[in-house]
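Close look at the chain arrangement
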Amino acid sequence: MNQELLRKLKLEAGGSFFEHVNSDIQEKFAELIVNECLTICENFGDKGMDGHYCADEIKKHFGVEE
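Report follows, based on the coordinates. All values derive from a computational prediction rather than experimental measurement.

Attention now moves to the packing of helix H1 (residues 3-13) against helix H2 (residues 23-46). One can describe the packing of H1 onto H2 by two numbers: an axis separation of 8 Å at closest approach and a directional angle of 130 degrees. Taken as axis vectors, H1 and H2 run oblique relative to one another. For the pair H1 and H2, the sense of crossing is right-handed. Note on element contacts: H2 touches H1 through Ile25, Lys28, Phe29, Leu32, Ile33 and Glu36, opposite Leu5, Leu6, Leu9, Lys10, Glu12 and Ala13.

What follows deals with the pattern of salt bridges. With the rule as written, the count across this model stands at three salt bridges. Of the charged contacts, one joins Glu31 and Lys28 as a salt bridge, the two residues approaching to 3.9 Å between their closest N and O atoms. Here Glu31 and its partner Lys28 are both found in helix H2, three residues apart, which amounts to about one turn of the helix. Ionic pairing is found between Glu57 and Lys60, a salt bridge with its closest N-O pair at 4.0 Å. Pair noted here: Glu57 and Lys60 are both in helix H3 (residues 51-62), with a separation of three residues, about one helical turn.

The rules behind the values
- Throughout, a residue's number is its position along its own chain's written sequence, starting from 1.
- Two thresholds apply to this predicted model, a pLDDT of at least 70 for residue-level local features and 80 or more for giving and counting side-chain atom pairs, whereas whole-chain, interface and lining totals are computed over all residues.
- To obtain the side-chain values, all non-hydrogen atoms of the structure were included, while hydrogens and water were left out.
- Where helices are involved, their axes are fitted lines through C-alpha atoms of the stretch in contact, as for all axes, and angles between N-to-C directions lie from 0 to 180°.
- Here a helix means four or more residues in a row that DSSP labels H or I, a strand means two or more in a row labelled E, and each is numbered from the N terminus.
- Note on terminology: angles under 35 degrees are roughly parallel, angles over 145 are roughly antiparallel, angles of 65 to 115 are roughly perpendicular, and the others are oblique.
- A clockwise turn of the near helix away from the far one marks a right-handed crossing, whereas an anticlockwise turn of less than a right angle marks a left-handed crossing.
- By the convention used here, residues are in contact when the closest approach between their heavy atoms is within 4.5 Å.
- Salt bridges are counted wherever a side-chain nitrogen of Lys or Arg sits within 4 Å of a carboxyl oxygen of Asp or Glu.

Shown next as C-alpha cells:
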C-alpha cells in the first residue's frame, strides 16, 4: 500500500497517521478511500476503458450517494 497516500488521507480526515482516532475520523478516512477508488475508475473511463462501470459498482457496494 502507498503509505504516503494513506498518511495524507488520514491527515485530511482530521487525524494523525499514528494516533488513535475516533469513529467519526475513521468513517471520514474510509470515505476518502472510497473517493480515491472512484476517481481512479473514472480516470480509466476517461481513457476509453470501462472505468465508469467500475465506479458505479464501488458506489453501489459502499452505498455512496452522489
